[in-house]
Amino acid sequence: MTLTKAALLARIHGAPQSGRPMVMGVVNVTPDSFSDGGDHFAAEQAIAHSLQLASQGADILDIGGESTRPGSLPVSLQEELDRVIPVIKGIRLHTDCPISIDTSKPEVMEAAVSAGANLINDVNALQAPKALEVAKACDVPVVVMHMRGTPETMQAQANYDDVVAEVMEFLTERMLACEKVGMDKKSLIIDPGFGFGKKLDHNVALLARLSELVQSGTPVLAGLSRKSMLGALTQRESPKERLAASLSACLIAAQAGAAIVRVHDVQETCDALKVWAAVYDYNKN
Ligand code: 9MG
């Protein structure tokens with residue numbers, strides 16, 4: 001039996017106090033992520049990868065069919081549906097692990113939730129036409145993330161006076177928009193959107209002051225894994241060389257009270273969080 005919405009939300013809201021953020025494993029169903037040996041083969045590989053992440057301790061599997069990397073181009077609705085729906089259906093045959101759909105398209109949100117997804121992760125914060133209404137009808141928790149522009153254009157708009165205040169202002173406005181269509185505030189998760197239209201100093205400020213977002217009372221998701229800010233801080237060009245930096249950033253986010261961390265390296269993250277949680281528990285008791 002998959003988790004009910006209420007049970008999933010209880011886990012998300014309780015995560016910081018329980019001594020460990022939930023671990024969301026990244027599953028990119030994009031051509032550069034899995035073999036191009038045919039659509040079916042790519043889906044099979046993505047399903048196998050998802051099951052491996054679940055067995056390594058992922059609490060949520062985040063399935064995405066459109067790259068959100070800086071400079072990436074959008075894909076068509078049909079292409080995105082063809083990539084993610086078979087993967088969600090395939091995962092559901094094997095595990096009850098909560099699934100989140102990483103999309104900004106309302107049609108994909110709807111189809112993914114019908115196929116078994118339990119959560120919507122929208123880097124565009126439900127700003128697409130009809131996205132708010134569709135997300136409300138889907139009746140699942142939603143991650144609203146801060147981004148400037150689109151993945152194609154965002155780095156040109158990375159200018160802020162006080163990045164933390166401006167990100168929080170945007171997220172507050174999006175939460176109000178959600179409430180206006182009748183969504184329960186308790187079903188929302190906020191995300192500062194590390195790397196999305198931000199320069200290195202903006203990303204560092206957001207990580208250093210993440211607890212200010214946590215203090216808003218809405219659960220916070222932190223997605224730092226393998227990001228270019230970590231490459232810049234460590235001079236690691238290849239994302240796969242950024243494991244140590246990703247683990248450090250994850251622990252800083254945990255310490256700040258993040259409810260969910262979105263990561264590629266699930267097993268290593270779970271190990272790092274176990275050490276952090278032991279000390280957290282010791283200090284709590
Ligand atoms: C899809 N995606 C890529 N990076 C992300 C991040 O930092 N947060 C969320 N919510 N989604 C992301």
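Okay, so let's go over this structure. (Residues numbered from 1 in each chain as written. Predicted model: local features only at pLDDT ≥ 70, side-chain atom pairs only at ≥ 80, totals over all residues. Heavy atoms only, no water.)

Some words on a nonpolar patch on the surface
Together, L200, V204 and L233 make up an exposed nonpolar region whose accessible area comes to about 230 Å². The exposure class assigned to V204 is partly exposed, which follows from its relative accessible area of 36%. (Patch = residues over 30% accessible without salt bridge, like charges linked within 9 Å, V, L, I, M, F, W, Y side chains within 5 Å. Areas by Shrake-Rupley, 256 points an atom, 1.4 Å probe, with all protein chains shown as cover. Salt bridge = Lys/Arg side-chain N within 4 Å of Asp/Glu carboxyl O. Buried < 20%, exposed > 50% of the residue type's maximum accessible area, 1.4 Å probe, protein only.)

As for the nonpolar core
Counting residues in each nonpolar core, the largest one holds 74 residues, and the members touching the most others are I63, I120 and L126. Those residues in contact with L126 that lie beyond four places of it in its chain are M109, A131, L132, A135, V142, V144, R174, C178 and M183. Within the second largest apolar cluster, twelve residues are counted, among which are M22, V143, I189 and I260. (Core = buried A, V, L, I, M, F, W, Y, C linked by side-chain atoms within 4.5 Å. Contact = heavy atoms within 4.5 Å.)

Notes on the pairing of strand β1 (residues 22-28)
Taken across its seven residues, β1 has six buried, putting it largely inside the fold. As defined by bridge partners, β1 adjoins strand β2 (residues 60-64) across five bridges and the pair is classed as parallel. Pairing of G25 across the sheet is with L61, part of β2. (Helix = DSSP H or I, 4+ residues; strand = E, 2+ residues; numbered from the N terminus. Pairing = 2+ DSSP bridges.)

Description of the site of the ligand
Residues in contact with the ligand, as listed here, are T68, D102, N121, V123, V143, M145, D191, F196, L221, G223, K227 and R262. Within the side chain of K227, an N or O atom sits 2.6 Å from an oxygen atom of the ligand. Between R262 and the ligand, the recorded distance is 3.4 Å, taken from a side-chain N or O atom to a nitrogen atom. Relative to its free-state accessible area of 300 Å², the ligand is covered by the protein chains to the extent of 97%. The cavity that encloses the ligand is the largest pocket. Taken together, the residues that form the shell around the ligand break down as five nonpolar, three polar and four charged. (Near = heavy atom within 4 Å. Polar contact = N/O pair within 3.5 Å; in protein donor to acceptor, adjacent residues only side chain to side chain. 1 Å grid on protein atoms, 1.4 Å probe; cavity = no way out; pocket = protein on both sides within 12 Å on 5 of 7 lines; lining within 4 Å. Sits in = over half its atoms within 2 Å of the grid points. Nonpolar A, V, L, I, M, F, W, Y, C, P; charged D, E, K, R; others polar.)

Focus: the side chain of T269
Here T269 shows up in helix α11 (residues 266-284). Residue T269 is classed as buried on the basis of its relative accessible area, which comes to 3%. Residues in contact with T269, not counting those within four places in the same chain, are V23, L247, C250, V261 and V263.

Structural notes on empty space enclosed by the protein
Taken as a whole and judged by the stated rule, the model has one cavity of 30 Å³ or more. Estimated volume of the largest cavity: approximately 80 Å³. Here the element with the most residues in the lining of the largest cavity is helix α10 (residues 243-256); it accounts for four residues. Along the lines of polarity and charge, the residues of the lining of the largest cavity split into seven nonpolar, three polar and two charged. (Points joined across faces, edges and corners; volume = space filled by probe spheres on them.)

A word on helix α4 (residues 106-115)
By the burial criterion, the buried members of α4 are P106, V108, M109, A112, V113 and A115. Those residues of α4 that are buried lie in contact with α3 (77-94), β3 (99-102), β4 (119-122) and α5 (131-138). At the C-terminal side of α4, G116 shows a positive phi close to 130 degrees.

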